[in-house]
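# A look at the structure
The primary structure of each chain is shown beneath.
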There are 2 protein chains.
Amino acid sequence: MSAMDYRASGVDIREGNRAVSLMKAAVRRTFTPRVLSDLGHFGGLFRADFPGIVSPVLVAGTDGVGTKLRVASLAGDYSTVGADLVNHCVNDILVQGATPLFFLDYIACGSLSADIAARIVTGMAGACVENRCALLGGETAEMPGFYGPGDYDVAGTIVGVVDEPAIVDGSKVRPGHRIVGLPSTGLHTNGYSLARRILLEAEGMSLDARPGELMGATLGEALLAVHRSYLNPVLPLLSRGLLTGMAHITGGGVPGNLERILPEGVGAVMDPCWPVPPVFRLISRLGEVPEEEMRSAFNMGAGFLMVTPDPDEVVRILEEAGEKPFPAGEIVAGRGVVYREAEE
Amino acid sequence: MSAMDYRASGVDIREGNRAVSLMKAAVRRTFTPRVLSDLGHFGGLFRADFPGIVSPVLVAGTDGVGTKLRVASLAGDYSTVGADLVNHCVNDILVQGATPLFFLDYIACGSLSADIAARIVTGMAGACVENRCALLGGETAEMPGFYGPGDYDVAGTIVGVVDEPAIVDGSKVRPGHRIVGLPSTGLHTNGYSLARRILLEAEGMSLDARPGELMGATLGEALLAVHRSYLNPVLPLLSRGLLTGMAHITGGGVPGNLERILPEGVGAVMDPCWPVPPVFRLISRLGEVPEEEMRSAFNMGAGFLMVTPDPDEVVRILEEAGEKPFPAGEIVAGRGVVYREAEE
């Protein structure tokens, strides 16, 4: 065989360096005064002083974007998946009362386009700034043969901090507390394998289609709606000690996620009267998906649930902040998460 | 179309739950007293008290295993890639003087086998215990259509801590300092795209082959040799303040990684007399890869480099600990990393 170099094997170090220079400015904008390192160091350095926190506890989580990435790839639009991922991770640690400190990303692809990688990271960086979180590091891996052309996998890890007495873990959830929800923007980052299979494969719809349910929006717009962060509206509720439990509604839906924070002997009765984004009705109708399956695969419009002994105050504060909270159910003596079926 | 549920779309939540129960015991064994959470929480909780550290700085890094995973897949052996990843991450923050606190993993595949995921995570957990690092959380993502059958992508994030005055960043590297190396166990986790292309594709070798260079070992054994951790031998050198710089030799080889820690006006002259593992000679011979390309794609036997004003003491301590350190070169006034070519 002829002489072979690393580029011929499908790995292009120069394109990797180009990606780094394209994303540099956006990443540096996320650096808070506690960041001591710059890009290109082996690890990111973050000063662990937490003014005002007596007993600091780090809260860490890792997540991915899932097959929403395939929709981004089909649409040729990688500008939103970065924010999807950061906001997802922010919400995941927010449920324990933590505020974000820093985030690290992992991007993997078969053949690196510096422009696409930079677009993904720039999206992350924008969301990091909104969540006051440093984009402290990351890895961009080119793995020829592992990923289809144009496919990128994107995952991230967030680290936040909470004062130990302020950890919210559901242990103080009691019968009589109410459940207040905040709307999702759509599927967020869960249920895309099922949604793609029904809408794109079985129905053969294109991302440009404008099915009636979506009231003028394209299917691509509905499917790529950005997973929102709940940090800013929820922080004032936390600082006033109004919440006994929170659930970020991801894979497993309301039942799978709310159940994780309920103490022994305590259950939840959901009042599913909140607005369901039209994309879910479209999926349910075309796929003939039973309601129970829809509820365990999708958030169905409830992106974030809060348990509180004082729902009026919670709703008042959220509405003053321009949010659209809704009553979502109540905590009862019992077990598990059940739905009140008003119309049946 | 007929009614469709999430399982039919290729995502099996029950298999995911089975994976979690298979890996639980191994993960719990990594929990240090500072871990406040258990598996199944939204985020992992880690108490941020650092006894004996005056000005704690967190050091974080993310990395993947790269296409070494394809070799693991071909060999049907996922028992080692977890340790590869953890040790890689440990070394990445060790170069700045940090000791590990906790690690989070990300595993992605097209169709989840609980047994394979558990084997990967159990390998990570074992390496976490050896590096006194908690396996604080993780995400296992099933993404149908994204990954080939049997392919798993594995990435991880590590967070460690260093006392600010003890950060090692190369700024104190001076001409006259010596470079001491520690042997790698093989390719570690870099250069696999090139190695696979030459050995498995162009040459069509099987993982069971025993080429003469490998002196009795199979190709699979040589390619899956575990990426080692340098934490235990290097810690005593750090606590005695003997090192002015360290480089973990990953993608980019010695030149690409050593260069990252050299201050302005300072260069390195390498004496490449250390033992080169036979697998590199095999790759170089069969692929007719030029020496310069080999050096920038592979570690060539130098897994970890340390810069020190006192090489005798460094070598003495390492040898007493049962290590096989080697003189690797010296720091000079100048620029960049060059090789002394003794035989030319």
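Each chain has its residues counted from 1, following the order in which its sequence is written. Chain letters and ligand numbers both follow the written order, the letters beginning at A and the numbers at 1. Given that this is a predicted model, residues contribute local features only at a pLDDT of at least 70 and side-chain atom pairs are listed and counted only at 80 or more, while totals for whole chains, interfaces and linings are drawn from all residues. Heavy atoms from the whole structure form the basis of all side-chain values; hydrogens and water molecules are not counted.

With that settled, consider the overall build of chain A. If you tally the helices and strands in chain A, you get 11 helices and 11 strands. Radius of gyration here is computed from C-alpha atoms only, and the compact-globule reference equals 2.2 Å multiplied by the residue count raised to the power 0.38. Here chain A has a C-alpha radius of gyration of 21 Å; the compact-globule value for 344 residues is 20 Å, and the two agree. Burial here depends on accessible area, computed with a 1.4 Å probe over protein chains only, as a share of the maximum for the residue type. Under 20% is buried, over 50% is exposed, and the range in between is partly exposed. Burial status across chain A gives 60% buried among its 344 residues. Sequence-distant contacts, at least 24 apart, represent 83% of the contacts inside chain A between residues at least 6 apart. Note on areas: Shrake-Rupley, 1.4 Å probe, and residue coverage restricted to the protein chains presented here. Roughly 12700 Å² of accessible area belongs to chain A as shown, and the carbon and sulfur atoms make up 51% of that amount. Here chain A contributes 28 positive and 41 negative side-chain charges, whose respective centroids are spaced 4 Å apart. Counting from the N terminus, the helices are the DSSP runs of H or I reaching at least four residues and the strands are the DSSP runs of E reaching at least two. In this analysis, two residues are considered to be in contact whenever any of their non-hydrogen atoms come within 4.5 Å of each other. Charge convention: Lys and Arg are scored as positive, Asp and Glu as negative, and His as well as the terminal groups of each chain are ignored. For this purpose, a charge sits on NZ of Lys, CZ of Arg, CG of Asp or CD of Glu.

Among the nonpolar cores identified, the biggest contains 220 residues, and Met270(A) and Met270(B) are the most heavily contacted of them. If near-sequence neighbours (up to four positions away) are discounted, Met270(B) is found in contact with Ile179(B), Val254(B), Leu258(B), Leu305(B), Ala328(B), Gly329(B), Val337(B), Val338(B), Tyr339(B) and Arg340(B). Among buried residues, the Ala, Val, Leu, Ile, Met, Phe, Trp, Tyr and Cys ones that are joined through side-chain atoms within 4.5 Å form a nonpolar core.

This paragraph deals with the packing of helix 3 (residues 81–94) of chain B against helix 7 (residues 231–239) of chain B. When two helices pack together, you describe them by how their axes are tilted relative to each other and by the distance separating the axes. All names here are of chain B. Contact geometry of helix 3 with helix 7 gives a least axis separation of 11 Å together with a crossing angle of 15 degrees. It follows from the interaxial angle that helix 3 and helix 7 lie roughly parallel. In this structure, helix 3 meets helix 7 at a crossing whose hand is left-handed. Here Val-90, Asn-91 and Leu-94 of helix 3 come into contact with helix 7, specifically with Leu-231, Val-234 and Leu-238. Throughout this entry, Asp, Glu, Lys and Arg are counted as charged residues, while Ala, Val, Leu, Ile, Met, Phe, Trp, Tyr, Cys and Pro are counted as nonpolar. The remaining residues, Gly among them, count as polar. The residue makeup of the contact of helix 3 with helix 7, split by class, is five nonpolar, one polar and no charged. The axes are straight lines fitted to the C-alpha atoms, using for helices just the contacting stretch, and the angles between their N-to-C directions are given from 0 to 180°. For classification purposes, an angle smaller than 35 degrees is called roughly parallel, one larger than 145 roughly antiparallel, one from 65 to 115 roughly perpendicular, and anything else oblique. In this scheme the handedness of a crossing depends on how the near helix is turned from the far one: anticlockwise by less than a right angle means left-handed, clockwise means right-handed.

Residue and element names in this part refer to chain B. Tracing the sequence through the fold places Asn-87 in helix 3. Residues Asn-87 and Phe-31, spaced 56 residues apart in sequence, show a C-alpha to C-alpha distance of 17 Å. Contact partners of Asn-87, with chain neighbours within four places excluded, come to Ala-127, Asn-131, Val-226, His-227, Arg-228 and Ser-229.

So, about the domain arrangement of chain A. Residue and element names in this part refer to chain A. An automatic or database domain assignment supplies the residue ranges for each domain. Each domain of chain A was delimited in the assignment, giving domain 1 (13–166) and domain 2 (178–339). On a C-alpha basis, the centres of domain 1 and domain 2 stand 24 Å from each other. Computed with a 1.4 Å rolling probe, the buried area is the accessible surface lost when two parts are put together, summed over both parts. For the domain 1 face of the interface with domain 2, the top three residues by lost area are Lys-68, Val-71 and Leu-94, together amounting to 27%. We count a salt bridge whenever a side-chain nitrogen from Lys or Arg sits within 4 Å of a carboxyl oxygen from Asp or Glu. The interface formed by domain 1 and domain 2 includes zero salt bridges. Any pair of N or O atoms that falls within 3.5 Å is considered a polar contact. Within protein, one atom must be able to donate a hydrogen and the other to accept it, and sequence-neighbouring residues count only if both atoms are side-chain atoms. Inspection of the domain 1/domain 2 interface yields 12 residue pairs in polar contact (both at pLDDT 80 or more). For the side of domain 1 that touches domain 2, the secondary-structure elements that each account for two or more residues are helix 2 (68–75), helix 3 (81–94) and strand 3 (99–109). It is helix 3 that provides the largest number of residues to the side of domain 1 that touches domain 2, a total of eight residues. For the side of domain 1 that touches domain 2, the per-class residue count stands at 10 nonpolar, eight polar and seven charged.

Counting across every chain of the model gives 30 salt bridges over all chains. In this structure, Arg178(B) engages Glu330(B) in a salt bridge whose closest nitrogen and oxygen atoms are separated by 3.7 Å. Of this pair, Arg178(B) sits in strand 6 (residues 178–183) while Glu330(B) sits in strand 10 (residues 326–333); the two residues are 152 residues apart in sequence, bridging distant segments of the chain. We classify Glu330(B) as buried; its relative accessible area is 19%. Several salt bridges share partner residues, and in doing so they unite Arg178(A), Asp271(A), Glu330(A) and Arg340(A) into one network.

Before going further, it helps to spend a moment on the sheet that holds strand 6 (residues 178–183) of chain A. Consider a sheet: its strands pair through backbone hydrogen bonds, and that pairing is either parallel or antiparallel. Residue and element names in this part refer to chain A. For two strands to be treated as a pair, DSSP must find at least two bridges joining them. The strand order 7-9-6-10-8-11 describes an open sheet built from six strands, whose pairing is mixed. Edge strands, defined here as strands with exactly one partner in the open sheet, are strand 7 (245–248) and strand 11 (336–339). Averaged over all neighbouring strand pairs, the angle between strand axes comes to 25 degrees, with direction disregarded. Here strand 8 (residues 266–270) runs beside strand 11; their pairing, made up of four bridges, is parallel. Looking at strand 11, one finds that Ala-268 is bridged to Val-337. The strands touched by helix 7 (residues 231–239) are strand 6, strand 7 and strand 9 (302–308); relative to strand 9, the strand with the most contacts, the crossing angle is about 10 degrees. Each of strand 6 and strand 9 is contacted by helix 11 (residues 311–320), which is oriented at about 15 degrees to strand 6, the strand it contacts most.

Taken together, a rotation about one axis and a shift along it account for how the two chain copies relate. For this overlay, a least-squares fit was computed on C-alpha atoms, restricted to residues scoring pLDDT of at least 70 in both copies. Between chain A and chain B, which share one sequence, the superposing operator has a rotation angle of 180 degrees and an axial displacement of 0.0 Å; the RMSD is 0.0 Å. Each copy turns onto its partner about a two-fold axis.

Residue-level contacts link 80 residues of chain A with 80 residues of chain B. Summed over both sides, the interface between chain A and chain B buries roughly 6400 Å², with carbon and sulfur atoms accounting for 61% of that surface. Counting the contacts that link chain A with chain B gives two salt bridges. A salt bridge links Arg47(A) to Glu164(B); the nearest nitrogen and oxygen atoms lie 2.4 Å apart. On inspection of chain A and its partner chain B, the count reaches 18 residue pairs in polar contact (both at pLDDT 80 or more). Classifying every residue of the side of chain A that touches chain B gives 43 nonpolar, 21 polar and 16 charged. Sheet topology note: the strand 1 (residues 44–47) of chain A/strand 2 (residues 56–64) of chain B ladder contains four bridges and is antiparallel. What sits directly across from Arg47(A), in strand 2 of chain B, is Val57(B).

Moving on, we come to helix 4 (residues 114–130) of chain A. Residue and element names in this part refer to chain A. Helix length check: helix 4 (17 residues) gives 24 Å between terminal C-alpha atoms against 24 Å at 1.5 Å per residue, within 8%. Against helix 1 (13–28), helix 3, strand 3, strand 4 (134–142) and strand 5 (152–163) lie the buried residues of helix 4. A positive backbone phi angle near 50 degrees is found at Arg-132, which sits one or two residues after helix 4. A helix is expected to span 1.5 Å for every residue after the first.

Here we take up unusual backbone geometry. Of note in this structure, His188(A) is not a glycine but carries a positive phi near 55 degrees. Unlike most non-glycine residues, Glu288(B) shows phi in positive territory, near 50 degrees. Note that Glu288(B) resides in the loop between helix 9 (278–287) and helix 10 (291–297). Assessed through its relative accessible area of 45%, Glu288(B) is described here as partly exposed.

Here we take up helix 9 (residues 278–287) of chain A. All names here are of chain A. Taken across its 10 residues, helix 9 has seven buried, putting it largely inside the fold. Looking at helix 9, one finds that the buried residues are Val-279, Phe-280, Leu-282, Ile-283, Ser-284, Leu-286 and Gly-287. Tucked inside the fold, the buried residues of helix 9 contact helix 5 (192–202), helix 6 (219–224) and helix 10 (291–297). Just downstream of helix 9, Glu-288 is the residue with a positive phi angle, here 45 degrees.

For the rest of this paragraph, the subject is the sheet that holds strand 3 (residues 99–109) of chain B. The mixed open sheet is built from five strands, whose spatial order is 1(A)-2(B)-5(B)-3(B)-4(B). If you trace the sheet from one side to the other, it starts and ends with strand 1 of chain A together with strand 4 (134–142) of chain B, each paired once. If you compare each strand with its neighbour and ignore which way they point, the axes differ by 20 degrees on average. Where strand 3 of chain B and strand 4 of chain B come together, eight bridges link them in parallel fashion. Paired with Ala108(B) across the bridge in strand 4 of chain B is Ala141(B).

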